[in-house]
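# Remarks on the overall topology
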Amino acid sequence: MNKISTKIFLTLFIMGAVVWLGALSTRAMIGNELLQFGTLDFKTTIEPSFERELYRILSYTTILVMGGYAAALVGAIGFAATATVKWKQHGWLLMCAILFFIFVPVELFSLKLDWKMIGLNFWGDWPIEEFRKAFLARLTALSGLPVIANLTYYTMIVIAVWRPFERTTGAE
């Protein structure tokens with residue numbers, strides 16, 4: 001039973017991570033449409049109705065980010081708790097786990113800021129300036145630490161593919 005639950009948690013983690021990272025990338029591309037290249041200044045040529053629509057789409061992708069991250073987090077915790085893997089022999093897996101869990105507080109704080117954007121979209125008819133404030137607060141949160149976290153997540157994929165620090169017992 002333990003092996004089955006480990007596989008279920010691993011599957012939950014992988015599926016959640018795919019949704020979460022895909023939604024993160026989509027949200028970044030949508031958010032890029034609001035700002036002038038290389039700055040935190042909003043584009044002045046965007047119609048207010050189009051800008052509001054972009055915030056609405058950002059809210060929907062944020063819901064996917066939240067759901068995917070929740071699934072990935074539950075899957076990662078469950079996998080780490082039920083796996084009978086020898087962490088010393090699988091250094092790459094230990095590295096991935098450390099990189100994932102070290103940024104949990106950053107992600108939870110970021111999700112709290114994202115919740116404000118969802119609230120602005122779904123509960124009330126808020127002026128566009130409130131959306132801009134919430135968007136900039138999320139973008140500048142923790143002095144860019146969420147961006148470093150995102151780069152770390154993509155690094156984890158490379159680590160999982162290449163598997164450095166894998167100990168082999170026999171000489172080949």
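All values derive from a computational prediction rather than experimental measurement.

## Some details on the packing of aromatic side chains
Enumeration according to the criterion identifies 14 aromatic pairs in this entry. Considering the side-chain rings of Y55 and F131, the 5.2 Å spacing of their centres and the 15 degrees angle between planes classify their relative orientation as stacked. Highlighted residues: Y55 in helix α2 (residues 48-82) and F131 in helix α5 (residues 128-139), separated in sequence by 76 residues. Here Y55 falls in the buried class, since its relative accessible area comes to 0%. Its guanidinium or amino end placed over the ring of F42, R132 lies 5.3 Å from that ring's centre, counting from NZ or CZ.

## A closer look at the side chain of R138
With respect to the secondary-structure elements, R138 resides in helix α5. At a separation of 2.7 Å, a polar atom in the side chain of R138 contacts the side chain of D114. Residues within four places of R138 in sequence aside, it is in contact with R27, S110, L113, D114 and P146.

## Structural notes on the packing of helix α1 (residues 2-32) against α2
It is at 6 Å that the axes of α1 and α2 come closest, and there the two elements cross at 155 degrees. What the angle tells us is that α1 and α2 run roughly antiparallel. For the pair α1 and α2, the sense of crossing is left-handed. Split into classes, the residues belonging to the contact of α1 with α2 amount to 21 nonpolar, 12 polar and one charged.

Reading the values: rules and limits
- Residues numbered from 1 in each chain as written.
- Predicted model: local features only at pLDDT ≥ 70, side-chain atom pairs only at ≥ 80, totals over all residues.
- Heavy atoms only, no water.
- Phe/Tyr/Trp six-rings, centres within 6.5 Å; stacked < 30°, edge-to-face > 60°.
- Helix = DSSP H or I, 4+ residues; strand = E, 2+ residues; numbered from the N terminus.
- Buried < 20%, exposed > 50% of the residue type's maximum accessible area, 1.4 Å probe, protein only.
- Lys NZ or Arg CZ within 6 Å of the ring centre and 35° of its normal.
- Polar contact = N/O pair within 3.5 Å; in protein donor to acceptor, adjacent residues only side chain to side chain.
- Contact = heavy atoms within 4.5 Å.
- Axes fitted to C-alpha atoms, helices over the stretch in contact; angles between N-to-C directions.
- Parallel < 35°, antiparallel > 145°, perpendicular 65-115°, else oblique.
- Left-handed = near helix turned anticlockwise from the far one by under 90°.
- Nonpolar A, V, L, I, M, F, W, Y, C, P; charged D, E, K, R; others polar.

Shape descriptors only; they carry no functional weight alone.
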